[in-house]
Amino acid sequence: ALRVDPGRPSGHHRRMPTLLQLAAIAALVGAGLITGLLFAFSLVVMRALLELPPEEGMSTMQRINVLIVRPLFLLPFLGTALLCVLLGGGALWQGGAGAIALAAGALAYLLGPLGITTAFNVPLNNRLARVDLREAQVLWPRYAHDWLRWNHVRTALGALSIALLAWGLALSHH
């Protein structure tokens, strides 16, 4: 819908954002928050935990895995996933400039930050929760290696999601 801006000369119009564009902005913010958190784990957090004695690194990660399951994390994590489902479907349904990029960005989030987390990182975390600290010397390095590998993949897909969502949003504005 076009709306005339009274502050602009006659004939100049400013378009109000569509519901799809607003969903893309919200998904960008959510994907940025979650991907930034994942990137921080790859870049610093896991590396710091690996420098600690195995029992300390492992027990700290066990505590992190308990503390992360809070509304302040779950809302952007799962809310972004829901937005991506709606955004991907809506973009393909509506079509137009940017639709493919928006749908691909939504899919990248669903496969990466959401999909890899639920398929790989959460099961690793659940197994770690049941490990006795006396087994840390052997199990902690193996867990950290496997967890980091999947974290790098979901972080890369999250970054791809952000780029595609931004590109689709930019294209949809024209």
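The rules behind the values
- Residues numbered from 1 in each chain as written.
- Predicted model: local features only at pLDDT ≥ 70, side-chain atom pairs only at ≥ 80, totals over all residues.
- Heavy atoms only, no water.
- Salt bridge = Lys/Arg side-chain N within 4 Å of Asp/Glu carboxyl O.
- Buried < 20%, exposed > 50% of the residue type's maximum accessible area, 1.4 Å probe, protein only.
- Helix = DSSP H or I, 4+ residues; strand = E, 2+ residues; numbered from the N terminus.
- Contact = heavy atoms within 4.5 Å.
- Patch = residues over 30% accessible without salt bridge, like charges linked within 9 Å, V, L, I, M, F, W, Y side chains within 5 Å.
- Areas by Shrake-Rupley, 256 points an atom, 1.4 Å probe, with all protein chains shown as cover.

Novice: Help me understand the pattern of salt bridges, please; the structure alone is not making it clear to me.
Specialist: Pairs can form between side chains of opposite charge once their charged atoms are near each other. Using the criterion set out here, one finds 2 salt bridges in the structure. With a closest N to O distance of 2.8 Å, R134 and D132 form a salt bridge. Since its relative accessible area comes to 74%, R134 is described here as exposed. Between R149 and D146 there is a salt bridge, with the nearest N and O atoms lying 3.3 Å from each other.

Novice: Hey, could you run me through the environment of L102 in this one?
Specialist: Assignment of secondary structure puts L102 in helix α4 (residues 99-129). Taking relative accessible area as the criterion, L102 reaches 2% and is therefore assigned buried. Sequence separation of L102 and L87 is 15 residues, and the distance between their C-alpha atoms is 7.2 Å. Once residues lying within four places of it in the same chain are set aside, the contact partners of L102 are L20, A24, A91, L164, L165, G168 and L169.

Novice: Please clarify how a nonpolar patch on the surface should be interpreted in this entry.
Specialist: A grouping of L19, L22, I25, V29 and L33 is seen on the molecular surface, where their side chains present a nonpolar patch of about 510 Å² in accessible area. For L22, a relative accessible area of 45% translates into the label partly exposed.

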